[in-house]
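Here is how the chains run, residue by residue.
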Amino acid sequence: MYSSKLKMERKRIVSGMRTTGRLHLGNLVSTMENWLRFQEEDECFFEIADLHALTDRTDYSEIKDFVINMGIDWLALGIDPHKSTIFVQSNMPEHMELYTLFSMITPVSWLERCPVYKDKTNGNNAIQSLSLGLLSYPVLQAADIAIYKATHVPVGIDQAPHVELTREIIRRFNSFFGEVFSEPQTIMTKTPKLLGTDGRKMSKSYGNVILPSDSIDFLEEKITRMITDPQKIRKNDLGHPDICSVYTLHNFYNSNKEEVADECGKGLRGCVDCKKQAAKEVYNHYSEYREKRKFYTERIGEVYEILNEGTKKARTIARQTLDEVMECMKINY
Ligand code: TRP
Ligand code: SF4
């Protein structure tokens, strides 16, 4: 009885990542750690979102490299293709079909309200010639989610408006054509924030990222440059770990973080050694990742096979949903 109850409560998780570059520690801590937890309990679909990466650029030369590297990284970090379904977005014609159908019922005003779009039309990040693809980015994301009838979508705070819009599109669809979709819940897990090497949020666009594949020397070099408590000049100055970028690394990667905070606060710890130790902790945390990454890099064919298997599995479900949608919309001939 107990196990069947558990089964019924199994969530269907859908999430994805845009292929805009190599995964850095900020991505890993905020997203990957959660995915790894979900895959133990729930049915998971993880998408390498290469189409979303095409919405704001015209140089596609690196995209292919980013896609395969994302696949390698996910596997090396512990995403298990026996437990989770992983696939590449551009391999999924059904997503694009549902996107087209959703676009028929999505008011443009909803899209213009989206923060990502607003950010690209106003202010410092404004880009010159804005594509229709960028405006309709959330419609594609809604299709990504709805096509699996996801119950839960784990995302970072920046993506939450897109899941909200997904719910609005689903509500509208259901009110026009019948209850095909259920509304997914957003899961926003609180994760400790890592700061980049310049003290701002770790982000590729700031050029302040630390990679899990960085060598120990490179880690030390990057972490040495990081901003600490500005009041703490000497070892015996009393420090404040809560305002120290390096401490955000200890907080996540060091199992003795309390000791670090304690020694820092009492003036028993110097920043130079503390930084060296942070570099070591990060390096050790990813030792298995580096080995597995090497393993998969030497077996790229296997990685493509895993992605193709995932595509097959995902497409079967996607096709079923799409058939249902087309029937409801009276376009099944
Ligand atoms: N837009 C998301 C991002 O930039 C990636 C993504 C694509 C996604 N499809 C999704 C996330 C579906 C959650 C659900 O990271
Ligand atoms: Fe930061 Fe460590 Fe220096 Fe304290 S001792 S301010 S935690 S680097």
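Predicted model, so just to flag it, every value in this text is computed and none were measured. (Residues numbered from 1 in each chain as written. Chains lettered and ligands numbered in written order. Predicted model: local features only at pLDDT ≥ 70, side-chain atom pairs only at ≥ 80, totals over all residues. Heavy atoms only, no water.)

**Topic: the packing of aromatic side chains**
In plain terms, the rule: Centres within 6.5 Å make a pair out of two Phe, Tyr or Trp rings, where for Trp the six-membered ring is used; the pair is then stacked when the planes are under 30 degrees apart, edge-to-face when over 60, and tilted otherwise. For each residue, the accessible area found with a 1.4 Å probe, counting protein chains only, is set against the maximum for its type, and the residue is called buried under 20%, exposed over 50%, and partly exposed in between. Counted as over-ring charges are cases with an Arg CZ or a Lys NZ within 6 Å of the ring centre that also lie within 35 degrees of the ring normal.
On inspection of all chains with the given rule, the structure shows 14 aromatic pairs. Relative to Y289, the ring of Y286 has its centre 5.9 Å away and its plane inclined at 75 degrees; by these criteria the two rings are edge-to-face. Exposure class is identical for Y286 and Y289. Each is buried. Sitting over the face of the ring of Y206, R200 holds its NZ or CZ atom 3.9 Å from the ring centroid. The ring centre of Y283 lies 3.6 Å from the NZ or CZ of R290, which sits over that ring.

**Quick word on the site of ligand 2**
Under the convention used in this document: Definition of nearness: a residue and a molecule or strand are near each other if at least one heavy atom of the residue lies within 4 Å of the molecule or strand. Basically, the charged four are Asp, Glu, Lys and Arg, the nonpolar ten are Ala, Val, Leu, Ile, Met, Phe, Trp, Tyr, Cys and Pro, and anything else, Gly included, counts as polar.
What surrounds ligand 2 is the set T228, D229, K232, C244, V246, C264, R269, C271 and C274. Looking at the shell around ligand 2 residue by residue, the classes come out as 5 nonpolar, 1 polar and 3 charged.

**As for the site of ligand 1**
Defined as follows: In protein, a polar contact requires one atom able to donate a hydrogen and another able to accept it; more generally it is a pair of N or O atoms within 3.5 Å, and residues adjacent in sequence count only if both atoms are side-chain atoms. Where accessible areas are quoted, they stem from the Shrake-Rupley method and a 1.4 Å probe; at the residue level, only the protein chains shown are allowed to cover. Strands are runs of DSSP state E lasting at least two residues, helices are runs of H or I lasting at least four, and both sets are numbered from the N terminus onward.
Residues in close proximity to ligand 1 total 15 residues, the closest being R18, Y137, Q141, D144 and Q159. The side chain of D144 places a nitrogen or oxygen atom 2.7 Å from a nitrogen atom of ligand 1. Q159 places a side-chain nitrogen or oxygen 3.0 Å from a nitrogen atom of ligand 1. Relative to its unbound accessible surface of 360 Å², ligand 1 loses 92% to contact with the protein. In terms of residue count, the dominant contributor to the shell around ligand 1 is strand β1 (residues 12-18) (5 residues). In the shell around ligand 1, the residues fall into 7 nonpolar, 5 polar and 3 charged.

**Topic: the pairing of strand β2 (residues 43-49)**
Counted only if it meets this: Crossovers are marked right-handed if the path from the first strand over the helix to the second runs clockwise, as seen with the strands pointing away from the viewer. The pairing criterion for strands is at least two bridges between them, as found by DSSP.
Burial runs high along β2: 6 of the 7 residues are buried. The handedness of the β1 to β2 crossover, carried by helix α2 (residues 25-41), is right-handed. Two elements, β2 and strand β3 (residues 84-88), share 5 bridges in a ladder whose sense is parallel. Each residue of the ladder has a partner; that of E47, found in β3, is F87.

**Describing the pairing of β3**
The element β3 is extensively covered by neighbouring structure, given that 5 of its 5 residues are classed as buried. Burial of the side chains of β3 extends over both faces: S84, I86 and V88 are buried on one face and T85 and F87 on the other.

**Here's the deal with the nonpolar core**
Worth spelling out the cut-off: Nonpolar cores are built from buried Ala, Val, Leu, Ile, Met, Phe, Trp, Tyr and Cys residues. Side-chain atoms within 4.5 Å join them into one set. For every domain, the bounds stem from an assignment made automatically or drawn from a database. We call two residues in contact when some of their heavy atoms are within 4.5 Å.
Core analysis: the largest hydrophobic core is formed by 49 residues, its most contacted members being L25, W74 and L249. Take this core: its biggest share by element is 9 residues, from helix α4 (residues 63-77). Here this core spans two domains, since at least three of its residues come from each of domain 1 (2-194 + 300-328) and domain 2 (214-285). Contacts of L249, omitting those with residues within four sequence positions, involve L25, L194, I210, I223, M226, N254 and V282. If you look at the next biggest cluster of nonpolar residues, it comprises 37 residues, including V14, C114, A143 and A314.

**A word on the side chain of T19**
With respect to the helices and strands, T19 occurs in the loop between β1 and α2. Residue T19 is classed as buried on the basis of its relative accessible area, which comes to 0%. With near-sequence residues (within four places) excluded, T19 lies in contact with I48, A49, D50, A53, I63, F66, V67 and M70.

**Observations concerning the pattern of salt bridges**
One side chain can pair with another of opposite charge once the charged atoms of both are near each other. For clarity, the cut-off: Every case where a carboxyl oxygen of Asp or Glu lies within 4 Å of a side-chain nitrogen of Lys or Arg is listed as a salt bridge.
With the rule as written, the count across this model stands at 22 salt bridges. A salt bridge links R12 to E43; the nearest nitrogen and oxygen atoms lie 3.0 Å apart. Of the two residues, R12 is situated in strand β1 and E43 in strand β2; the sequence distance between them amounts to 31 residues. D73 is paired through a salt bridge with R22; the nearest N and O atoms lie 3.8 Å apart. One end of the pair, D73, is in helix α4; the other, R22, is in the loop between β1 and α2, and 51 residues separate them in sequence. D73 gets classed as buried once you look at its relative accessible area, which sits at 1%. We classify R22 as partly exposed; its relative accessible area is 30%. Via salt bridges that share partners, R18, D56, R57 and K120 belong to a single interconnected network.

**Observations concerning unusual backbone geometry**
The backbone of K149 shows a phi angle near 50 degrees, a positive value even though the residue is not glycine. As for its placement among the helices and strands, K149 is situated in the loop between α9 (137-146) and β4 (152-154). Taking the relative accessible area as the measure of exposure, K149 reaches 28% and is therefore partly exposed. Even without being glycine, K330 reaches a positive phi, approximately 65 degrees. As for its placement among the helices and strands, K330 is situated in the segment after α16 (300-328). The exposure class assigned to K330 is exposed, which follows from its relative accessible area of 64%.

**Here's the deal with the packing of helix α5 (residues 93-103) against α9**
Selection criterion: Axes here refer to lines fitted to C-alpha atoms; in helices the fit is confined to the stretch in contact. Angles between the N-to-C directions go from 0 to 180 degrees. Angular relationships are summarised with four words: roughly parallel below 35 degrees, roughly antiparallel beyond 145, roughly perpendicular across 65 to 115, and oblique for the angles in between. Here a crossing is taken to be left-handed if its near helix is turned anticlockwise relative to the far helix by less than a right angle, and right-handed if that turn runs clockwise.
Where α5 contacts α9, the two axes come as close as 8 Å, and the packing angle between them is 120 degrees. For the element pair α5 / α9, the angle class is oblique. For α5 against α9, the interelement crossing comes out right-handed. Contact residues: α5 offers H95, L98, Y99, F102 and S103, while α9 offers V139, L140, A142, A143, D144 and A146. A per-class count over the contact of α5 with α9 returns 8 nonpolar, 2 polar and 1 charged.

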